[in-house]
Amino acid sequence: NVTVCINVTVINGTLLREVNVTLSSFDVSATTEDYTTIAGNITFSENETQICLDVTLSDDDILEEDEDFLLSLATTDDNINVTLSPNETRVIIMNDDTVTIGFNQSSYNATEGSDTSVEVCTSVLNGILGRNVTVTFFTTDGTATSAVDFPQVVDELTFTPTERQLCQNVSTERDGDSENDEDFCLNLSQNMSQLESGVILEPNTTTVTILDDDGLMIGFNQTIYSVEEGLNVTVCINATVINGTLLREVNVTLSSFDVSATTEDYTA
């Protein structure tokens, strides 16, 4: 609990006798859960010029908008000419609570292909929400490229006091190329023009690795080669990428096996 001093002052004139005024509090956006209700009399003694009123505020650990309530002065003393001005003051309770919102995992794996997707979840990891909070969810290129390997995404996620986790299905594109696994990033941010006070984004990035599943066919151009016998005759046997596109280095092993010919007939 926090206590704040609210001063009530004799602004003009001199008190030569006791004066009583009544103090009351009224909810605006704050309620009696946020502060201790005040209702009672304030007594100014002769020559007294200022009284400090201790108002107790409650600490609720909930991220919410700044809240306020009113304090009002009145008098029922008809025997003295007392002007109450200003007779009302507003007390604003400034929120100092925080929440942490972030990705549930630091990395995800996704199979290549537009018919597959990976579920990526973002959660309120710490703190209590007392109001809606909106963050931006967007993709950035890594070794994978948007529109080629994955669809670009820019979206808004709105967390409510009753919703602590939001999940998005993130898809990938099939390109038919045999290549290394590639990755891209998913990010969380806040619009600079709508920064949410008390909101911490951590972890605010996660990596999606696209696991390549494209097939590649490599083979001999012919199943049979006929070569006339001769001293040191050389024949070119072609191995070819028959199907698929190579975007990385691929090693294959070549071996020879005797049938009716032996290593006396050819160089292995």
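## Focus: the side chain of Ser72
Part 1 of the argument: If you trace the backbone, Ser72 turns up in strand β6 (residues 67-74).
Part 2 of the argument: Assessed through its relative accessible area of 15%, Ser72 is described here as buried.
Part 3 of the argument: Residues contacting Ser72, with those up to four places away along its chain left out, are Thr22, Leu23, Ser24, Phe26, Asn87 and Glu88.

## Description of the nonpolar core
It is characteristic of soluble globular proteins that their nonpolar side chains tend to be buried jointly.
Part 1 of the argument: In this structure, Phe159, Phe184 and Leu186 are the most contacted members of the largest nonpolar core, which totals 26 residues.
Part 2 of the argument: Membership of the second largest hydrophobic core comes to 20 residues, among which are Val8, Leu15, Tyr35 and Ile51.

## A word on the sheet that holds β6
Part 1 of the argument: Across the sheet, four strands lie side by side as β3-β2-β6-β7; this open sheet has antiparallel pairing. With one partner strand each, in any of the chains shown, β3 (39-44) and β7 (88-93) form the two edges of the open sheet. Between one strand and the next, the sheet's axes are offset by a mean angle of 25°, whatever the strand orientation.
Part 2 of the argument: Where strand β2 (residues 19-27) lies against β3, six bridges are found, and the strand directions are antiparallel. By the bridge assignment, Leu23 is partnered in β3 with Gly40.

## Remarks on the pairing of β6
Part 1 of the argument: Where burial is concerned, most of β6 is hidden: seven out of the eight residues are buried.
Part 2 of the argument: One ladder, built from six bridges, connects β2 with β6; its direction is antiparallel. Its bridge partner lying in β6, Leu23 is registered against Leu73.

## Comments concerning the packing of aromatic side chains
Part 1 of the argument: Taken as a whole and judged by the stated rule, the model has three aromatic pairs.
Part 2 of the argument: Look at Tyr35 and Phe69: their rings are 3.7 Å apart centre to centre, the planes differ by 5°, and that puts the pair in the stacked class. One end of the pair, Tyr35, is in the loop between β2 and β3; the other, Phe69, is in strand β6, with 34 residues separating them in the sequence.
Part 3 of the argument: Its relative accessible area of 1% is what places Tyr35 among the buried residues.
Part 4 of the argument: Accessibility expressed as a relative area gives 0% for Phe69, which makes it buried.
Part 5 of the argument: For the pair Phe150 and Phe184, a centre-to-centre distance of 3.9 Å together with 10° between the ring planes defines the contact as stacked. Of this pair, Phe150 sits in the loop between β12 (133-141) and β13 (154-159) while Phe184 is found in strand β16 (residues 182-189), placing the two residues 34 residues apart along the sequence.

About the criteria used
Residues numbered from 1 in each chain as written. Predicted model: local features only at pLDDT ≥ 70, side-chain atom pairs only at ≥ 80, totals over all residues. Heavy atoms only, no water. Helix = DSSP H or I, 4+ residues; strand = E, 2+ residues; numbered from the N terminus. Buried < 20%, exposed > 50% of the residue type's maximum accessible area, 1.4 Å probe, protein only. Contact = heavy atoms within 4.5 Å. Core = buried A, V, L, I, M, F, W, Y, C linked by side-chain atoms within 4.5 Å. Pairing = 2+ DSSP bridges. Axes fitted to C-alpha atoms, helices over the stretch in contact; angles between N-to-C directions. Phe/Tyr/Trp six-rings, centres within 6.5 Å; stacked < 30°, edge-to-face > 60°.

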